[in-house]
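Commentary on secondary and tertiary structure
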Amino acid sequence: NVITIRFKSDSSTVGHFKLLYTVFSYPSYGSSCSYDECMCSNGRCISTALQGDGVNNCGSTSPSDDRVCDNQDYTVLGMQGNNGQTLTLQDAGYISWTRDNSDYENAQDVRVYFRAPIGKRILLMVYNIDIETHQNCGYDKLEIYDGEVFSSSQYQRVVCGTSAPDFMSDNNVITIRFKSDSSTVGHFKLLYTVFSYPSYGSSCSYDECMCSNGRCISTALQGDGVNNCGSTAVSDESVCYESGHIYTPQTTVSPLYPGDYTEIYLNQHCGDRVNLGSSGYIQWD
């Protein structure tokens, strides 16, 4: 719980530095984070107060806490027991093998249709996935189809392993087929968000906000600790605009980093002990 930082410079060349620190813990084996913490994809527990602030406090090699700190208010849709069924999507939620996120079984072949309101589209992002790895996903796999599709030769994306890029549908229905072989179990949890693009020169509707990439999502999704705009977009927590922001192909916004992070200046604390908050910055001056 203590670190020491020593800064030393020679007689030539000046520079600067600013470090982001985050206080975290690892839960004991088989346990979860405490009530006032959320768990990153790498297992670290950080303060829930850090969610939705536009800064990734989970670590440089981990997906942003704005996207992967679980939101307990989101409904989990389970594929098990729903073969051939159509499930209705809310503004956002999770898709998993079971509603309690259990591992999938061997020798499964299940196809489920997921439907959003007419005129909407569906964004899928990997939240947590561990499906048997194979170069061509020849063992266990998720097949994602754009539309209500029945042919196994028409999938737009096949997913296995531990990561995958975002998937974006062209209409309001997607089909997901999960297939496993006779060995090795695993798990998957996908984050879905229902969205739309406004027509050129238009804005989102009154109950939506616009992401930095021009997508319109429900205003109810702001401030919930999850980035529903997309993995490569600035978090909706910091840059989702209220109705009236006009969409153009050049819609881009820089992250609005929080102004309430503590800044610790080393030139003022030589030899001192400094108490850290949940997160903040360390710099020379």
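Thresholds, definitions, all that
Residues numbered from 1 in each chain as written. Predicted model: local features only at pLDDT ≥ 70, side-chain atom pairs only at ≥ 80, totals over all residues. Heavy atoms only, no water. Pairing = 2+ DSSP bridges. Helix = DSSP H or I, 4+ residues; strand = E, 2+ residues; numbered from the N terminus. Axes fitted to C-alpha atoms, helices over the stretch in contact; angles between N-to-C directions. Patch = residues over 30% accessible without salt bridge, like charges linked within 9 Å, V, L, I, M, F, W, Y side chains within 5 Å. Areas by Shrake-Rupley, 256 points an atom, 1.4 Å probe, with all protein chains shown as cover. Salt bridge = Lys/Arg side-chain N within 4 Å of Asp/Glu carboxyl O.

We now examine the sheet that holds strand 17 (residues 279-283). With respect to topology, 3 strands assemble into an open sheet ordered 1-17-16, the strand pairing being mixed. Unpaired on one side and paired on the other, strand 1 (18-22) and strand 16 (262-265) mark the two borders of the sheet. Sheet twist, expressed as the average angle between the axes of neighbouring strands with direction ignored, equals 25°. One ladder, built from 4 bridges, connects strand 16 with strand 17; its direction is parallel. In the strand pairing of strand 17, E263 is matched with Y281.

Quick look at a nonpolar patch on the surface now. Together, I3, I5 and L19 give the surface a local cluster of nonpolar side chains, amounting to about 280 Å² of exposed area. Mapped onto the secondary structure, I3 falls in the segment before strand 1.

This paragraph deals with the sheet that holds strand 12 (residues 173-179). Strand order in this open sheet of 5 strands is 5-7-12-9-10, and the pairing throughout is mixed. Either end of the sheet is taken by a strand with one partner, and the two such strands are strand 5 (86-88) and strand 10 (157-159). The average undirected angle you get between the axes of adjacent strands in this sheet is 25°. With 7 bridges joining them, strand 7 (residues 109-115) and strand 12 adopt antiparallel strand pairing. Across the sheet, the residue bridging to D109 is K179, located in strand 12.

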